Amino acid sequence: MNATPETAHAPPPRPYVLGTGDDELGRLGLQHRLWSDAAHEAWKLARIGPGQHVLDVGCGPGYASFDLAQLVTSTGSVLGVDESPAFISWLTSQADARGLPQLSGLVADAHHLASAVARPAAFDAAYIRWVLCFVKNPARVIHDTASLLRPGGRLVIHDYFNYTSMTMAPRRASHDAAVAATARSWRERGGDPDVMARVPAMLAEAGLNLTHLAIHQRHARGNPSGPPEAMFAWPDVWWRTYAPKLVAMGYLAQADCDQLLRDLDAVRTSATDFIVVPPVYQIIAEKPAR
Ligand SMILES: C[S@@+](CC[C@H](N)C(=O)[O-])C[C@H]1O[C@@H](n2cnc3c(N)ncnc32)[C@H](O)[C@@H]1O
């Protein structure tokens, strides 16, 4: 495989709600660094290793794809698929810069993955992280992904259920308002911040066996005398990036946004307060061997 971007199926007119600008590119990089331990844990459980062919569905700029490409080595391959031409262009240029010829990118709508990739039963494994909560028809994405797995192939998913349990502790009204606004903004664009509750049934419908289900529940403490816990950067960057977008889209009042940023500063420098981040559910499913 080479690192040339391909294009199939024009991306849908409805843009990804978080955007594909430099701010989101940077945020996704930070997010991957904070969650790469969970990704590697799941990939190990799914027996992803040298020589395997792996699909990264909704790969974004490819932060997980780069790690996967190193795991499968040059004897394997990784295909990252995303609807954003900007993200796929970044992925392919980075694949070149990082010396990963086994990684390639494809611009496509994940709802039409089977026809866009057109390599039925070719992949040993697929990864879908933080994508199903944004798409209109996650069952269709899972169905198409399943059709691209070989018998015995594994599908690894990280995504949200109970997203709105994200909270500051003690609670602050500005944060509660921003979390509710976030969930509304996703739902009104066809997403579902509770999608992982429905995924096991979708896997069964697609003929996959659920072999593993786990939850990563994390929190982030402030610190009055130095940097806060590393995980603090996740909600911090999230709100500094997305809260102004919520205001611009009409989901959040400017006053709530301003108060939220002040509350974030207060928690960051507090010895007692913390943020409970959204729980990330981890699923592995297997396509039955023939
Ligand atoms: C939160 S980002 C996650 C990116 C990557 N999976 C990661 O974990 O770093 C969601 C990604 O899903 C992509 N996406 C959303 N809807 C899509 C669709 N219908 N088809 C393909 N990609 C989609 C977005 O462009 C974005 O890159």
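All values derive from a computational prediction rather than experimental measurement.

As for the overall build of the protein
- Looking only at helices and strands, the protein has nine helices and 11 strands in total.
- Its C-alpha atoms give the protein principal-axis dimensions of about 55 × 40 × 35 Å.
- Looking at the protein as a whole, 55% of its 290 residues qualify as buried.
- Residue pairs at least 24 apart in sequence account for 82% of intrachain contacts in the protein once pairs closer than 6 positions are excluded.
- Surface exposure of the protein reaches about 11,500 Å², of which carbon and sulfur atoms provide 55%.
- Between the averaged position of the 26 positive side-chain charges in the protein and that of its 28 negative side-chain charges there is a distance of 3 Å.

A short note on the confidence of the model for the protein
- Per-residue pLDDT for the protein has a mean of 94; in total, 94% of the residues score no lower than 70.
- For the stretch residues 1-13, pLDDT sits under 50, and the model shows 38 contacts to residues farther than four places along the chain or on other chains.

Re the site of the ligand
- Close to the ligand lie 17 residues, the nearest being Gly58, Asp82, Asp109, Ala110 and Arg129.
- In this structure, glutamate 83 approaches the ligand through a main-chain N or O atom, which is 3.2 Å from a nitrogen atom.
- In the complex, 98% of the free accessible area of the ligand, which totals 600 Å², lies under the protein chains.

Description of the sheet that holds strand β9 (residues 219-221)
- Here we have three strands laid out as an open sheet, ordered β7-β10-β9, and antiparallel in their pairing. For this open sheet the edge positions go to β7 (167-169) and β9, each flanked by a neighbour on one side alone. On average, each strand axis in the sheet is tilted by 20° relative to the strand beside it, whichever way the strands run.
- When β9 meets strand β10 (residues 274-276), the two strands line up antiparallel, connected through three bridges. Of the residues in β10, the one forming a bridge with alanine 220 is isoleucine 275.
- Helix α9 (residues 254-268) contacts β7 and β10 of the sheet and is inclined by roughly 45° relative to β7.

Concerning the nonpolar core
- Core analysis: the largest hydrophobic core is formed by 94 residues, its most contacted members being Leu55, Ile157, Val199 and Trp239.
- Examining the composition of this core, we find that nine residues originate from one element, helix α1 (residues 22-45), more than from any other.
- Other than its neighbours up to four places away in sequence, tryptophan 239 contacts Met166, His175, Ala178, Val179, Thr182, Pro244, Leu246, Leu260, Leu261 and Leu264.

Let's talk about the packing of α1 against helix α2 (residues 63-72)
- Their axes nearest at 8 Å, the elements α1 and α2 cross at an angle of 40°. Accordingly, the angle class assigned to the pair α1 and α2 is oblique. On the side of α1, the interface is formed by Leu25, Leu28, Gly29, His32, Ser36, His40 and Trp43, while α2 contributes Tyr63, Ala64, Asp67, Leu68 and Leu71.
- Of the residues in the contact of α1 with α2, the class split is seven nonpolar, four polar and one charged.

Some remarks on the pairing of strand β4 (residues 103-107)
- With five of five residues buried, β4 lies mostly within the body of the structure.
- Along β4, one buried face is formed by Leu103, Gly105 and Val107 and the opposite face, lined by Ser104 and Leu106, is buried too.
- Judged from the five bridges that link them, strand β3 (residues 77-82) and β4 form a sheet pairing that is parallel. Looking across to β4, one finds that glycine 80 is bridged to glycine 105.

Focus on the packing of aromatic side chains
- Summed over the entire model, instances satisfying the criterion amount to 16 aromatic pairs.
- Judged by centre distance (5.2 Å) and plane angle (65°), the ring pair of tryptophan 35 and tryptophan 234 falls under edge-to-face. Residue tryptophan 35 is located in helix α1, and its partner tryptophan 234 is located in helix α8 (residues 233-249); the two are separated by 199 residues in the primary sequence. Each member of the pair, tryptophan 35 as well as tryptophan 234, is classed as buried.

Thoughts on the side chain of arginine 154
- Looking at the element boundaries, arginine 154 is found in strand β6 (residues 149-160).
- Every residue in contact with arginine 154, bar those within four places of it in the chain, is listed here: Ala46, Arg47, Ile48, Gln52, Asp124, Ala125, Ala126, Leu149, Ile284, Ala285 and Glu286.

Things to note about unusual backbone geometry
- Here the bond from alanine 169 into proline 170 is cis, since omega is -5°, no more than 30 degrees from zero.
- Position of proline 170 among the secondary structure elements: in the loop between β7 and α6 (173-187).
- We note that threonine 73 has phi near 65°; this positive angle belongs to a residue other than glycine.
- With respect to the secondary-structure elements, threonine 73 resides in the loop between α2 and β3.
- Of note, alanine 121 is a non-glycine position whose phi angle comes to about 55°, a positive value.
- Here alanine 121 lies in the loop between α4 (113-117) and β5 (123-129).
- With relative accessibility at 34%, the residue alanine 121 sits in the partly exposed group.

Conventions we followed
Residues numbered from 1 in each chain as written. Predicted model: local features only at pLDDT ≥ 70, side-chain atom pairs only at ≥ 80, totals over all residues. Heavy atoms only, no water. Helix = DSSP H or I, 4+ residues; strand = E, 2+ residues; numbered from the N terminus. Buried < 20%, exposed > 50% of the residue type's maximum accessible area, 1.4 Å probe, protein only. Contact = heavy atoms within 4.5 Å. Areas by Shrake-Rupley, 256 points an atom, 1.4 Å probe, with all protein chains shown as cover. Lys, Arg positive; Asp, Glu negative; His and termini not counted. Charge placed at Lys NZ, Arg CZ, Asp CG, Glu CD. pLDDT = per-residue confidence, 0-100. Near = heavy atom within 4 Å. Polar contact = N/O pair within 3.5 Å; in protein donor to acceptor, adjacent residues only side chain to side chain. Pairing = 2+ DSSP bridges. Axes fitted to C-alpha atoms, helices over the stretch in contact; angles between N-to-C directions. Core = buried A, V, L, I, M, F, W, Y, C linked by side-chain atoms within 4.5 Å. Parallel < 35°, antiparallel > 145°, perpendicular 65-115°, else oblique. Nonpolar A, V, L, I, M, F, W, Y, C, P; charged D, E, K, R; others polar. Phe/Tyr/Trp six-rings, centres within 6.5 Å; stacked < 30°, edge-to-face > 60°.

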